[in-house]
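Observations on the model geometry
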Amino acid sequence: MRIDIISNSSIFTKNLGKKLSRVISKGDIILFSGELGGGKTTFISGIAEGFGLKGNLSSPSFTILNEYSIDNLRKFIHADLYRLENTGEINGIGLDDYLYDDISIVCVEWGEKIKDYIKKEYLEINLSYLIDKSSISTKRKIIFNSSSQYWDLRLARFKKIMEKSSG
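Residues numbered from 1 in each chain as written. Predicted model: local features only at pLDDT ≥ 70, side-chain atom pairs only at ≥ 80, totals over all residues. Heavy atoms only, no water.

At a minimum axis distance of 6 Å, the contact between helix α1 (residues 10-21) and helix α2 (residues 40-50) shows a crossing angle of 45 degrees. In terms of orientation, α1 lies oblique with respect to α2. Handedness of the crossing formed by α1 with α2: right-handed. Of the residues in α2, those touching α1 at S10, T13, K14, L16, G17, K18, L20 and S21 are T42, F43, S45, G46, I47, E49 and G50. Residue composition of the contact of α1 with α2, grouped by class: four nonpolar, eight polar and three charged. (Axes fitted to C-alpha atoms, helices over the stretch in contact; angles between N-to-C directions. Helix = DSSP H or I, 4+ residues; strand = E, 2+ residues; numbered from the N terminus. Parallel < 35°, antiparallel > 145°, perpendicular 65-115°, else oblique. Left-handed = near helix turned anticlockwise from the far one by under 90°. Contact = heavy atoms within 4.5 Å. Nonpolar A, V, L, I, M, F, W, Y, C, P; charged D, E, K, R; others polar.)

Before going further, it helps to spend a moment on the sheet that holds strand β5 (residues 104-109). Taken in spatial order, the seven strands make up an open sheet running β1-β7-β6-β2-β5-β4-β3, and their pairing is mixed. At either margin of the open sheet sits one strand with a lone partner, and together these are β1 (2-7) and β3 (65-69). Neighbouring strand axes in the sheet, compared pairwise and without regard to direction, differ in orientation by 15 degrees on average. Across the sheet, helix α4 (residues 149-166) touches β1, β2 (29-34), β6 (123-131) and β7 (138-145), and the angle it forms with β1 is around 35 degrees. (Pairing = 2+ DSSP bridges.)

Structurally, E109 is set in strand β5. Here E109 is buried and forms no salt bridge, its nearest opposite-charge partner K40 lying at an N-O distance of 4.9 Å. Polar side-chain contacts of E109 include one of 2.7 Å to the side chain of H78. (Buried < 20%, exposed > 50% of the residue type's maximum accessible area, 1.4 Å probe, protein only. Lys, Arg positive; Asp, Glu negative; His and termini not counted. Salt bridge = Lys/Arg side-chain N within 4 Å of Asp/Glu carboxyl O. Polar contact = N/O pair within 3.5 Å; in protein donor to acceptor, adjacent residues only side chain to side chain.)

Looking at the element boundaries, K40 is found in helix α2. K40 sits 68 residues away from V108 along the chain, and the two C-alpha atoms are 9.1 Å apart. If we ignore the near neighbours within four places in the chain, the residues touching K40 are F32, S33, G34, E35, E109, W110 and L127. A distance of 3.2 Å separates a polar side-chain atom of K40 from the backbone oxygen of G34.

In this structure, W110 is a non-glycine residue whose phi angle is positive, near 60 degrees. By secondary structure assignment, the location of W110 is in the loop between β5 and β6. Overall, W110 belongs to the buried group, its relative accessible area being 12%.

Looking now at the nonpolar core. Ranked by size, the top nonpolar core spans 29 residues in total, and within it L20, I30, I47, F76, I125, F144 and F158 carry the most contacts. Where this core is concerned, the elements lending two or more residues are β1, α1, β2, α2, β5, β6, β7 and α4. Among the elements that line this core, the one with the most residues is α4, at five residues. (Core = buried A, V, L, I, M, F, W, Y, C linked by side-chain atoms within 4.5 Å.)

So, on to the packing of aromatic side chains. Counted by the stated rule, this structure contains seven aromatic pairs. Residues Y82 and W110 carry aromatic rings whose centres are separated by 5.1 Å and whose planes lie at 50 degrees to one another, so their mutual orientation is tilted. Here the residue Y82 occupies a position in the loop between β4 (75-80) and α3 (95-99), and W110 occupies one in the loop between β5 and β6, the gap between them amounting to 28 residues. Between the aromatic rings of F144 and F158, the centroid separation amounts to 5.0 Å while the plane-to-plane angle is 45 degrees, which identifies the pairing as tilted. Of this pair, F144 sits in strand β7 while F158 sits in helix α4, placing them 14 residues apart in sequence. The class for F158 is buried, based on a relative accessible area of 0%. Feature note: the residues F32, F43, F144 and F158 constitute an aromatic cluster, connected by ring pairs. Above the plane of the ring of W110 lies K40, whose end atom (NZ or CZ) is 4.1 Å from the centre. (Phe/Tyr/Trp six-rings, centres within 6.5 Å; stacked < 30°, edge-to-face > 60°. Lys NZ or Arg CZ within 6 Å of the ring centre and 35° of its normal.)

In structure tokens, the structure reads:
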């Protein structure tokens, strides 16, 4: 299943993340791709906020991985693989520990770097710029892509949430 959404602002992108959090469960993996500054961290901040995590979520560009406790039963993992050159470097950062446990929700920026490495179902979200020549603002095209029945069902629920909030 594929869903395409146009975001007109960072607030809309963050709210999209909040709405997506309603269909995400512990053990889920979401891979984000797109240009530098495309809104990946903003979207992930919305997901985190949807789980009750407050404050600005910064991209772990230098630490590569940040762990947040949602409650006693769930963890929120935010990874940024921008600086990694190859999948061999993943072994040293501890990401495997979270990808395959039953309590973590894992969001990975620059996730395309590890698509072939993951042996579990995941959702792909791509954010790209849409330049509007009539104004100085830039819009984002956000594409949700699933290749599994598990994520197809979740995206169908997400689509219903989006339709209710816009109508």
